[in-house]
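These are the residues of each chain, in order.
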Amino acid sequence: MRLRTIGFVVLAGLVVWFIAANTGSVTVRMWIPRVALPLWTVLTVTLVVGLVLGLIIARRRARRS
């Protein structure tokens, strides 16, 4: 296995562990409304949005080159 693959698997495992360990409820303020959500939900949504934005930026940079 390549070092990059091992690093990705370790990082993914840490992310899953971190999200699973944070199960408490938090209040998130979205401009005006306040929403009470489990912290794991907030972390998962943040992760997915970050991954999608990263992929979009990577594709745009690849097209320029």
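Further up the page is the structure itself.
In what follows, the accompanying structure is described. (Residues numbered from 1 in each chain as written. Predicted model: local features only at pLDDT ≥ 70, side-chain atom pairs only at ≥ 80, totals over all residues. Heavy atoms only, no water.)

1. Here we look at the overall build of the chain
Phase 1 of the analysis: Scanning the chain for helices and strands turns up 2 helices and 2 strands.
Phase 2 of the analysis: Helices and strands appear in the chain in the N-to-C order α-β-β-α.
Phase 3 of the analysis: The C-alpha atoms of the chain give 16 Å as radius of gyration, which overshoots the globular expectation for 65 residues (11 Å, by more than 25%).
Phase 4 of the analysis: Projected onto its principal axes, the C-alpha positions of the chain cover 45 × 30 × 10 Å.
Phase 5 of the analysis: Taken as a whole, the chain presents about 6,100 Å² of accessible surface, with 70% of it coming from carbon and sulfur. (Helix = DSSP H or I, 4+ residues; strand = E, 2+ residues; numbered from the N terminus. Rg over C-alpha atoms; globule rule 2.2 N^0.38 Å. Areas by Shrake-Rupley, 256 points an atom, 1.4 Å probe, with all protein chains shown as cover.)

2. A short note on unusual backbone geometry
Of all residues except glycine, most have a negative phi; of all peptide bonds, most are trans.
Phase 1 of the analysis: With a phi close to 55°, Trp31 is a non-glycine residue in the positive phi region.
Phase 2 of the analysis: Mapped onto the elements of the fold, Trp31 is located in the loop between β1 (25-29) and β2 (34-38).

3. Thoughts on the environment of Trp40
Phase 1 of the analysis: One can find Trp40 in helix α2 (residues 39-64).
Phase 2 of the analysis: The partly exposed category is assigned to Trp40, whose relative accessible area is 42%.
Phase 3 of the analysis: The sequence separation of Trp40 and Gly13 amounts to 27 residues, and the corresponding C-alpha distance is 15 Å.
Phase 4 of the analysis: Dropping the residues within four chain positions of it, Trp40 is found in contact with Ile19, Asn22 and Thr23. (Buried < 20%, exposed > 50% of the residue type's maximum accessible area, 1.4 Å probe, protein only. Contact = heavy atoms within 4.5 Å.)

4. Examining the pairing of β2
Phase 1 of the analysis: Pairing of β1 with β2 involves 5 bridges; the strand directions are antiparallel. In the strand pairing of β2, Thr27 is matched with Ala36.
Phase 2 of the analysis: Between β1 and the antiparallel strand that follows it, β2, lie 4 residues; Trp31 among them carries a positive phi value of about 55°. (Pairing = 2+ DSSP bridges.)

5. Quick word on the packing of helix α1 (residues 3-21) against α2
Phase 1 of the analysis: Following both chains from N to C, one finds α1 and α2 inclined at 150°, their axes separated by 8 Å at the closest point. For the element pair α1 / α2, the angle class is roughly antiparallel. At the point where α1 passes α2, the crossing takes the right-handed sense. Within the contact between the two elements, α1 uses Val15, Phe18 and Ile19 and α2 uses Trp40, Leu43, Thr44 and Leu47.
Phase 2 of the analysis: Taken together, the residues of the contact of α1 with α2 sort by class into 6 nonpolar, 1 polar and no charged. (Axes fitted to C-alpha atoms, helices over the stretch in contact; angles between N-to-C directions. Parallel < 35°, antiparallel > 145°, perpendicular 65-115°, else oblique. Left-handed = near helix turned anticlockwise from the far one by under 90°. Nonpolar A, V, L, I, M, F, W, Y, C, P; charged D, E, K, R; others polar.)

So yeah, pure geometry; function would need other evidence.
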